[in-house]
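This is what each chain is made of:
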Amino acid sequence: ASKFQVTELLTSYRAKAAFTCEAWPDAGGLADLFAKMKAEITALGEDKLYNEIEFPLAQVLADMTRTGILVDRQGVEEFGLRMRTELSQVLARIQMETGSTSFNPNSPKQLGEMLFDTMGLPHGKKTQRGWSTDAETLEALRDYPLVEDILQYRAYQKLNSTYVEGLLKVMGEDDRVHTLFNQTEARTGRLSSDNPNLQNIPIRTELGSQLRAYFIAKPGWVLVDADYSQIELRILAHVTGEDIHRSSAARIYNLPPDQVSPRIRSSAKAINFGIMYGKGAYSLSKDIGVSVKEADAFLKSYLAAFPKVSGYMDKTIADARACGYVSTLFGRRRALPELTSTNHNIRASGERMARHTPIHG
């Protein structure tokens with residue numbers, strides 16, 4: 001069991017029900033469980049983490065869950081009506097373009113056969129179930145009108161089913177959504193939320209970002225939106241002692257700062273984050289749209305420009321192999337049995353997790 005499981009149990013139950021023995025007949029067993037796990041926390045030297053961060057946070061999250069966030073129900077319903085109208089119009093175009101009223105764009109098999117067998121469009125990999133029609137494959141074919149409509153159809157359907165119908169389903173009589181925040185779900189220690197997940201409300205598309213306008217404050221109050229600036233890079237700078245900021249681009253490409261173009265800055269940002277998440281040349285090449293050879297050269301240039309980063313990453317992996325875990329700055333541990341696996345892919349995955357967990361967590 002996780003050493004913070006008791007906290008999670010208390011948090012989730014406090015948010016969902018009155019704490020009575022009638023509601024939870026086994027509640028008395030928590031005292032023994034708490035004593036056992038508290039002793040383990042002390043033995044691991046994590047009392048400060050528990051007392052000053054995790055437990056106070058559990059109380060805050062329980063209050064957040066109980067309070068909920070107000071949603072404009074009428075606005076969401078009207079947005080859903082727009083989505084269903086758009087879906088009908090796009091589906092009509094798709095059926096006209098394919099010449100089939102029975103064509104189902106939700107069927108990967110039918111879609112693969114239509115695009116790659118019937119229409120002869122450039123295809124990707126083929127599995128036992130047919131041609132791959134994943135998002136990456138379709139994005140590469142977006143210039144074709146039919147594919148553009150298929151992608152639009154998927155986007156409208158996702159917005160309507162996940163966010164419109166999903167929100168309306170869990171909205172209380174008070175027009176509030178009482179999502180449950182989890183502090184022990186993600187192994188790095190980051191928060192997650194479910195029923196519904198309020199951490200993935202769309203923002204990158206114009207239509208999807210409109211959904212955020214329906215999360216509102218009660219009359220006389222305002223919502224405040226705050227975000228850290230380049231927080232992960234700042235943490236990396238702290239743990240390595242390097243001065244890592246926007247000048248990364250100039251140092252990687254050996255250019256004066258005033259000659260760093262937006263495209264080069266974007267590539268440098270991808271490299272910065274790719275380094276932290278343990279990405280190799282192949283993954284990075286897809287992120288920044290260059291060849292694997294060029295991406296490999298970028299990585300080498302970066303590590304040459306910031307030698308302490310490379311040293312930190314190597315030491316982190318070595319330490320994790322020696323003791324079986326990595327720790328965040330505040331001492332939260334993540335066990336990494338993957339590092340001792342005989343399977344190369346699993347072991348490589350463990351190395352990536354060792355590199356990014358102290359930063360991500």
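Analysis parameters
Residues numbered from 1 in each chain as written. Predicted model: local features only at pLDDT ≥ 70, side-chain atom pairs only at ≥ 80, totals over all residues. Heavy atoms only, no water. 1 Å grid on protein atoms, 1.4 Å probe; cavity = no way out; pocket = protein on both sides within 12 Å on 5 of 7 lines; lining within 4 Å. Points joined across faces, edges and corners; volume = space filled by probe spheres on them. Helix = DSSP H or I, 4+ residues; strand = E, 2+ residues; numbered from the N terminus. Nonpolar A, V, L, I, M, F, W, Y, C, P; charged D, E, K, R; others polar. Buried < 20%, exposed > 50% of the residue type's maximum accessible area, 1.4 Å probe, protein only. Arc of directions from axis to C-beta. Phe/Tyr/Trp six-rings, centres within 6.5 Å; stacked < 30°, edge-to-face > 60°. Axes fitted to C-alpha atoms, helices over the stretch in contact; angles between N-to-C directions. Parallel < 35°, antiparallel > 145°, perpendicular 65-115°, else oblique. Contact = heavy atoms within 4.5 Å. pLDDT = per-residue confidence, 0-100.

Moving on: the layout of surface pockets. When its volume is computed, the second largest pocket comes out at roughly 550 Å³. Looking at the second largest pocket, it is lined by 15 residues, and the ones nearest its centre are Glu139, Arg142, Leu151, Ala155 and Thr205. For the lining of the second largest pocket, the secondary-structure elements that each account for two or more residues are α6 (135-139) and α7 (145-170). Here the lining of the second largest pocket gets eight residues from one element, more than from any other, and that element is α7. Of the residues that constitute the lining of the second largest pocket, the class distribution is eight nonpolar, two polar and five charged.

Burial in helix α12 (residues 281-288) covers these residues: Ala281, Leu284, Ser285 and Ile288. Buried residues along α12 cover an arc of 105° about the axis, so they all sit on one side. Of the residues trailing α12, Gly289 is marked for its positive phi of about 70°.

Given two aromatic rings, their pairing is described by the distance between the two centres and the angle made by the two planes. Using the criterion set out here, one finds three aromatic pairs in the structure. Seen from their ring centres, Phe116 and Trp131 are 5.9 Å apart, and the 65° between their planes marks the pair as edge-to-face. Taken as a pair, Phe116 in helix α5 (residues 108-118) and Trp131 in strand β3 (residues 130-131) lie far apart in primary sequence, 15 residues in all. For the pair Phe116 and Trp131, one class covers both residues: buried.

Next up on the list: the packing of helix α2 (residues 29-43) against helix α3 (residues 47-67). With their axes 7 Å apart at the nearest point, α2 and α3 run at an angle of 115° to one another. Taken as axis vectors, α2 and α3 run roughly perpendicular relative to one another. Contacts between α2 and α3 involve Phe34, Lys38, Ile41 and Thr42 on the former and, on the latter, Asp47, Tyr50 and Asn51. Across the contact of α2 with α3, the residue classes tally to three nonpolar, two polar and two charged.

For the rest of this paragraph, the subject is the confidence of the model for the chain. When the pLDDT values of the chain are averaged, the result is 85; 91% of them are 70 or greater. Throughout residues 14-21 the model reports pLDDT below 50, and contacts reaching past four residues in sequence, or to other chains, amount to 14 contacts.

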